[in-house]
Structure formats: structure tokens, C-alpha cells
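Listed here are the chains, written in short residue letters.
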Amino acid sequence: MTTVNVRDPGLALPGSPAYDAATAVFNLAAPAEPAAALTARTVDEVRGAIGHAAATGRRVRVHATGHASAAVRPMRGSVLIRTRLDGGVEVDVRRRVARVPAGTLWGEVVEAAARHGLAAPHGSSATVGVVGYLLRGGLSFYGRAVGLAVNRVRAIELVTADGEHRRTDATLDPELFWALRGGGGGFGVVTAVEVELFPADLVITGAAFWPAAHARRVLDLWRRWTLDAPPEATTSLRVMNLPPLPGVPPALAAGPVVCVDGAILAARGPAAARSVAEDLLGPLRSVAEPVLDTWQEATPAAVPGVHMDPADPVPVVGDHMLLDELGDDGAEAFLGAVGPGSGSPLVVAGLRQLGGAFAVPDPAGGALNHLPARYSYAGSGPPLGPVTPQALRDHCAKVRAALSPWDTGTTVPSFVESFDQPQGHLGHDEVRRADLVRLRVDPDGLFRDDIAPGATTLR
Ligand SMILES: Cc1cc2nc3c(=O)[nH]c(=O)nc-3n(C[C@H](O)[C@H](O)[C@H](O)COP(=O)(O)OP(=O)(O)OC[C@H]3O[C@@H](n4cnc5c(N)ncnc54)[C@H](O)[C@@H]3O)c2cc1C
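- As annotated in an unreviewed UniProt entry, the protein chain carries the name FAD-binding protein and is attributed to Microbispora maris.
- Per its UniProt entry, the protein chain bears the Sequence similarities (unreviewed entry) comment "Belongs to the oxygen-dependent FAD-linked oxidoreductase family."

### Some points on the packing of helix α10 (residues 327–338) against helix α11 (residues 389–403)
1) Next: It is at 9 Å that the axes of α10 and α11 come closest, and there the two elements cross at 170 degrees. The angle between α10 and α11 falls in the class roughly antiparallel. Relative to α11, α10 is oriented so that their crossing is right-handed. Contacts between α10 and α11 involve G330, A333, F334, A337 and V338 on the former and, on the latter, H395, V399, A402 and L403.
2) Next: Taken together, the residues of the contact of α10 with α11 break down into 7 nonpolar, 2 polar and no charged.

### A few points about unusual backbone geometry
1) Next: In the Ramachandran plot, R96 falls in the positive-phi region, its phi being about 55 degrees despite a non-glycine side chain.
2) Next: Note that R96 resides in the loop between β4 (90–92) and β5 (97–101).
3) Next: Since its relative accessible area comes to 39%, R96 is described here as partly exposed.
4) Next: The backbone phi angle of D173 is positive, close to 45 degrees, even though this residue is not glycine.
5) Next: We classify D173 as partly exposed; its relative accessible area is 23%.

### Observations regarding the side chain of T168
1) Next: Counting through the fold element by element, T168 comes out in strand β8 (residues 165–169).
2) Next: T168 sits in the buried class, given a relative accessible area of 0%.
3) Next: Those residues within four positions of T168 in sequence are excluded, and the remaining contacts are A155, I156, L158, D173, L176, F177 and L180.

### As for the pairing of strand β12 (residues 233–240)
The two faces of a sheet get side chains in turn, since along a regular strand they alternate between them.
1) Next: With 8 of 8 residues buried, β12 lies mostly within the body of the structure.
2) Next: Where burial is concerned, the two faces of β12 agree: the one with A233, T235, L237 and V239 and the one with T234, S236, R238 and M240 are both buried.
3) Next: As paired strands, β12 and strand β13 (residues 257–265) are joined by 8 bridges and run antiparallel to one another. Paired with A233 across the bridge in β13 is I264.
4) Next: Bridge count between β12 and strand β17 (residues 348–353): 5 bridges; the pairing is antiparallel. From the neighbouring strand, M240 faces β17, where its bridge partner is V348.

Conventions and cut-offs
Residues numbered from 1 in each chain as written. Predicted model: local features only at pLDDT ≥ 70, side-chain atom pairs only at ≥ 80, totals over all residues. Heavy atoms only, no water. UniProt positions renumbered as here; feature names shortened; annotations may be inferred. Axes fitted to C-alpha atoms, helices over the stretch in contact; angles between N-to-C directions. Helix = DSSP H or I, 4+ residues; strand = E, 2+ residues; numbered from the N terminus. Parallel < 35°, antiparallel > 145°, perpendicular 65-115°, else oblique. Left-handed = near helix turned anticlockwise from the far one by under 90°. Contact = heavy atoms within 4.5 Å. Nonpolar A, V, L, I, M, F, W, Y, C, P; charged D, E, K, R; others polar. Buried < 20%, exposed > 50% of the residue type's maximum accessible area, 1.4 Å probe, protein only. Pairing = 2+ DSSP bridges.

Written as C-alpha cells, this is what we have:
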């Protein structure tokens, strides 16, 4: 048995700048407040912090950006490791695989891949962390063509509770590799991942916005198009109530808008991609002239910007569900809850288009490898000014009730907005299988507070 490393790991305590840096989170509504924290730049630093926690009877937590700080269990009493491992992104062009140290943000991978005419299965924001997004599923604007992002992970390196630095892949500890990929967490601290890229020189990408008065017509057209849209297109529809803040185009802050954005891969050539774009956007543009329309032919480097996610930390309260086909009644229920006249305090409430490769089980994939749902709903807003956290929670509950006939009862961890929302993404057999792995690699439960609700039967 490997013995844990218990030399002084340089943990920072509350009140120090190093603690503040290691505990900084993107979602300011859910601060991270562990007993001690460390920004780890080397595998040895990760091992040192794990060893110290084990020796002092504390549990270990891990994050990179804190984008998911509201979606995870509060950290009180634990040792938090913020990963920012050295090394940078390395692209093996021949294998089309990027090796990514933990703590890397997606923007860095997109940039490194684009130099070789390759694209990565990133989400809508360049500042989301690669590891947290991948381990929790990962819905990209390429997902209907390439599947859940986690299915493209080819290897994972991690430090487990015994202090051992392990590499897992399809042949090296395949059971741990299976569990790490969407199994709900609680296996160790990942130090690097290898993720498969794909060729993409040209994409058609952007966002078009209309005054929310057109929301019903835009939603109906978009929803009908999603029923048999080709898999190279992945889009979303959102109702947005943007505040007049710096960085928000005045046309979008003038009143509520409805937005259709996404990306279309030119997998069947530029002409086919243009035709898909016309099928989607032609009818929408004839509803009314968009107040802003950024759809264009571009390189994959443009895709992380189109969704206009905030780059800087904000407080956010929200909710998420995976939905079945909505039909006319579901569309009406959605707009009744978040559309014009609903009184919704949510700044963004939207539907991500699923289906295509998202819905196809990957036999080589991990615990979570497909999503049998039509749309991923997410709605959120900042508790600022007169809008209290409770007002946001109350409205989230109203939306949840309105959409309940279409709720699949499942969620995807990367989209979960708050720890206490109903959630679950694994069946009984997957939970049991993941728990057997946990009992092997973490028998004393050092990482047990990191496990997603519904993903374990262990206490
Ligand atoms: C603005 C914004 C846009 C987003 N867009 C998308 C999107 O398009 N698609 C999508 O699927 N999701 C999206 N998300 C959600 C995002 O993918 C999740 O919040 C994800 O968990 C963030 O990963 P992170 O590492 O940045 O977050 P963190 O909060 O740092 O980490 C989240 C969790 O991941 C695990 N984790 C992180 N690092 C490690 C590690 N080294 N070892 C082991 N476990 C680790 C831990 O359980 C941790 O609690 C978005 C979120 C925001 C705020």
C-alpha cells in the first residue's frame, strides 16, 4: 500500500490572500468556505494536501473555477484543492488528442486546437474549467454531432486517497476510468485529462435576438425545426431579460428578448452547412427583423463567444431539468412561466437542443454517456437589487411546476444549478458500480462530500 504524504502542504487559512485565491468562485451566491485551501500547481502539491487532510481527519474537496460552486455540497470543515497544474495544453496532432492539465480553462484548449484546424467539445463559455465540465457530462454546441463531451475523454490522471498518482484509460484500470466519466465524483483529484479533438475549419455560428413579443412564433418555428434537424447543428433558445450593464449591447437591454444561437459544423461541406443555416434562420428572420444577428461563417475559435455568457464572477440562483418533447402545450407552459408577462425575475431561461449524438449510448463511454431527453432546460438570475435569492427560488419552483409534465426526472450534472434541486443522472446499476469503485479507491471516504446527489448509496 502506498503511504500518504504528510509533509507540510502549504495550506492557506481563512484571512490570507492565498486562501482567498484558492477559494475564489465564479458563482458569488455560493462562496467556498473550507477550513483550509491550496492552489496546487504540481502533482506533489496535490498529494501533499490529500495526505495532510487524511492525517488530520478532514475531507478533501476540489475545484478549478467555482463555476459549479452552488451545485456542490458546502465545503465547511474540508480541505479544498484548487487545481491549476503547470504544463499547458499539448496537442498530439496525429492522434487528434489534447493533453490538458487540471485547472485549464476551455479557452486555452480552443486556441491550441484551432492552430491545427481542430475543435474541442467545449461549452458556451471559454472560462469554464475543462475537468469539471468533462467529468460532469459537458453539453457543447457540437454535441448533436459528437455526443456528450465526456465521451471524448481518452485518459484521466488522478491522485487517489492513498496518495497514488494513477493513469486510467480504456486498458489501465478501465473500471475507474468508467466511473470517473460521469459517475458522480468522489474518486480523487484529477491532475490531467486527454480529450479527443475533431477536425473543423469552418462553422456557421452566432446568435439572433428578437423582442420577446415574438417569442411564441420564434419558439414554435425553432421547436418544429429541432424535431428533425440534422446532427451537425446544435442550438439553444433562450428568453433573456438582460440588465443595462457595461458589455450588454443596448439593443438587448432595451427589453426582454428571445434568442436562438448555436453552431453548425460543416461536416458535409460548406454548402450543406449553409443550407442547414438557411432552414433554421430563414423562417425565423421572416418573423421579424432581429434586433441583433451575429450568425456568420467563422472558425471554431468564434463559438465560445456566441452565447454571451458573463466572463466575470456573478451571483446566480437557478434550476435545471431534462425535458421530453414539449409539443404545443409544453411551449405554452414554458413561455407562460418565463415569457413576456410572466413576471419572471430570471435573466436567462432557455432550452438546449438535445437529440442526435447526445441521445446515442456510447458503448466505450463511461457511467454517463448519453442523454435520453429532447431539451435541457436551465433558468437563472442574479439576486441583486430588489430581486432576492428567495424570489428567484420561488420563481424556479413555479417554472418547475409548469414544466413538470415534460420533466424526465433526470439531470445532467454539468447543468445542475443548485445542490438542493432535484437531481439524478444514473440508474441503480450504475450507482452500485460507481460505489464499488469508490470503496476500492477511497475506502475511508476522504472524497465522499464531492459525490453528486443521487450518485451514491454510501454515507
Ligand atoms: C457561464 C457558464 C456557462 C456554462 N456553459 C456550459 C455549457 O455550455 N455546457 C455545459 O455542459 N456546462 C456549462 N456550464 C456548467 C459547467 O460546465 C459546470 O459548472 C462545470 O462543473 C464547471 O467546471 P469547473 O471546473 O469550471 O467548475 P468547478 O466549480 O471548479 O468544479 C466543479 C466540480 O467539478 C469537479 N472537479 C473540478 N475539478 C476537478 C478535479 N481536478 N478533480 C476532480 N474533480 C474536479 C468537482 O466535483 C467540482 O466540485 C456553464 C457554467 C457557467 C457558469
